[in-house]
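Residue strings, one per chain:
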Amino acid sequence: MATEAIKSAIVPTSSSSPLNVFMIGTGEYTTGFVGGGASGSDKKVGVVGLTLFDLRRRGKVAKLGMVGVNGTKFPAIRQHLDTNISKAYNGLDCSFDSYPANDVKDPDAYKAAIDGLKPGDAITIFTPDTTHYPIALYAIERGIHVMITKPAVKTLEHHQTLMAAAKKHNVYVYIEHHKRFDPAYADAKFKAQKLGDFNYFYSYMSQPKSQLETFKAWAGVDSDISYYLNSHHVDICDSMVSQLGFIPVKVSASAAKGIATSLGCNEATEDTITVMVTWQKQGDPSKVATGVYTASWTAPQKAGVHSNQYFHYMASGGEVRINQAKRGYDVADDTVGQLMWYNPFYMKYAPDEEGNFNGQTGYGYISFEKFVDGCRAVNSGALKPADLDARGLPTLSNTVATTAILEAGRRSIDEDREIKIEITEGSWKLV
């Protein structure tokens, strides 16, 4: 097995064919187009589309498609991409096939789009959380590789069903946990392995309440702020401590309310959710750790950052503290009216000296390239999906604990009780 792993690690993916990719979901993260114009967030030209257009320029991606529900948006989306991407980056090709047609509204348009793909092609899913499972399963059953935005799905049952389907159909299913590729977080994960047994983890992540305008249609209805933002640090923590033998065993959660509802969101919408997890070391029940994960989408409008994000990790032999909101880079702009801290380490939108997109080192971009390279390696026979699991990438198999914790947190709030997590012969369940 070790020989196989070494061999697979050095097989180049450049010998495989470029990957055909259809993007399911046409919103802020894919195109940067929201409410008839460019997003007001830090994703004004999106992430998914721009990254895949550039990967096509670099020869790793071939045919691209985009799938929404409302086809009447596509003319405006194409104009937006031409103005803000093609004209900004040396005529970067932003062409794509679109579903449904420009005069059609069809919530099942993804089915026709996927039916037009062939096994070994891929899709990305950046849609409301409740739609991830049916779209992913439809694609997996047709031999299509899948990238899903976090959270993968909302329930352990759906997560494990997708795992079984992916194994049956030999496809690569990757969860877009881009914080794993943040250089500071990745380095902290490495250093934490030498600090002894896990003992305590605290994290906070927020977005300004203006984001609720973008999310108003589904906030508090299809999902909550814990699924949306706590998913980042829950996954980071799990990726750090699972290597040390720690697993989550029980979860309790609490939610604050009152701000989002005053802004017109559904009455069920919570502002801030804190999830507390008890972790236990396998084989040594005397080793117990605590994780506390807080997320909010009602942060102040003018905090100077789009997202506050930091954590504190403590172990038996040391600790790690990371604050990735303010990275030593601030800009004062009279037209903005305040001091701003930016994050070019996520997506760097400044062009290179030739005018081309130059954000290939951003961890948002790297996350997509890892997926594309993995799909191409599986298609060429150089790797199996299980090899990619073994590398510790955010695959379905490597993110099941995150889904368990997020669902348990939701149930803890709804049922007003502590939720236990049990694992029996590899099968996870909440009790």
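Described below are features of the structure shown in this document. The structure displayed is predicted, hence computed values, not measured ones. Throughout, a residue's number is its position along its own chain's written sequence, starting from 1. For a predicted model such as this one, the threshold for reporting local features is a pLDDT of at least 70, and the threshold for listing and counting side-chain atom pairs is 80 or more; totals across whole chains, interfaces and linings nevertheless cover every residue. Excluded from the side-chain calculations are hydrogens and water; all other atoms, namely the structure's heavy atoms, are used.

**Thoughts on the sheet that holds strand β13 (residues 309-315)**
Here, any two strands with at least 2 DSSP bridges between them count as paired. Secondary structure follows DSSP: runs of H or I at least 4 residues long count as helices, runs of E at least 2 residues long count as strands, and numbering of each begins at the N terminus. Read from one edge to the other, the open sheet built from 8 strands follows the order β14-β13-β9-β12-β11-β10-β17-β18, with strand pairing classed as mixed. Each of the sheet's edge strands pairs with one partner strand only, and the pair in question is β14 (318-323) and β18 (427-430). In this sheet, adjacent strand axes meet at a mean angle of 15° when their direction is disregarded. Of the pairings in the sheet, the one linking strand β9 (residues 198-208) to strand β12 (residues 284-299) comprises 8 bridges and is parallel in character. Only C-alpha atoms enter the line fits that serve as axes; for helices the fit covers just the stretch in contact. Angles between N-to-C directions range over 0 to 180 degrees.

**What about the side chain of H132?**
Position of H132 relative to the elements: it lies in helix α6 (residues 129-140). Buried residues are those whose accessible area, probed at 1.4 Å on protein chains only, stays under 20% of the maximum for their type, while exposed residues exceed 50% and partly exposed ones sit between those limits. When its relative accessible area of 0% is taken as the criterion, H132 is described as buried. Polar contact criterion, stated in full: a pair of N or O atoms within 3.5 Å, where within protein one must be able to donate a hydrogen and the other to accept it, and residues adjacent in sequence count only if both atoms are side-chain atoms. Within the structure, the side chain of H132 is placed 2.8 Å from the backbone oxygen of T127, a separation counted as a polar contact. A contact between two residues is defined here by any heavy atoms of the two lying within 4.5 Å. Apart from the residues lying within four places of it in its own chain, the contact partners of H132 are I125, T127, I148, T149, P151, A152 and V153.

**Overview of unusual backbone geometry**
A negative phi holds for most residues other than glycine; trans holds for most peptide bonds. Across the junction of Y99 and P100, the peptide omega takes the value -5°, indicating a cis bond. Note on placement: P100 falls in the loop between β5 (97-99) and α5 (109-115). For the bond from K150 to P151, the omega torsion is -5°, close enough to zero to count as cis. Unlike most non-glycine residues, N170 shows phi in positive territory, near 55°. Mapped onto the elements, N170 comes out in the loop between α7 (156-169) and β8 (173-176). Accessibility expressed as a relative area gives 46% for N170, which makes it partly exposed. Backbone geometry at D416 places phi at a positive 55°, although glycine is not the residue there.

**A few points about the pairing of strand β16 (residues 338-341)**
Both strand β15 (residues 330-333) and β16 contribute to a ladder of 4 bridges, which runs antiparallel. Looking at β16, one finds that A332 is bridged to L339. Here β15 folds back onto β16 in antiparallel fashion, the turn holding 4 residues, of which G337 has a positive phi close to 85°.

**Points about the pattern of salt bridges**
We define a salt bridge as a side-chain nitrogen of Lys or Arg found within 4 Å of a carboxyl oxygen belonging to Asp or Glu. Scanning the entire structure with this criterion turns up 23 salt bridges. Here R327 and D182 are joined by a salt bridge, their closest N and O atoms 3.2 Å apart. Of this pair, R327 sits in the loop between β14 and β15 while D182 sits in the loop between β8 and α8 (183-192), and the two are 145 residues apart along the sequence. You'll find R327 and D182 in the same group, each marked buried. When the shortest N-O distance is used, the salt bridge between D284 and K287 registers 3.6 Å. Taken together, the shared-partner salt bridges connect R58, K60, E369 and D373 into one network.

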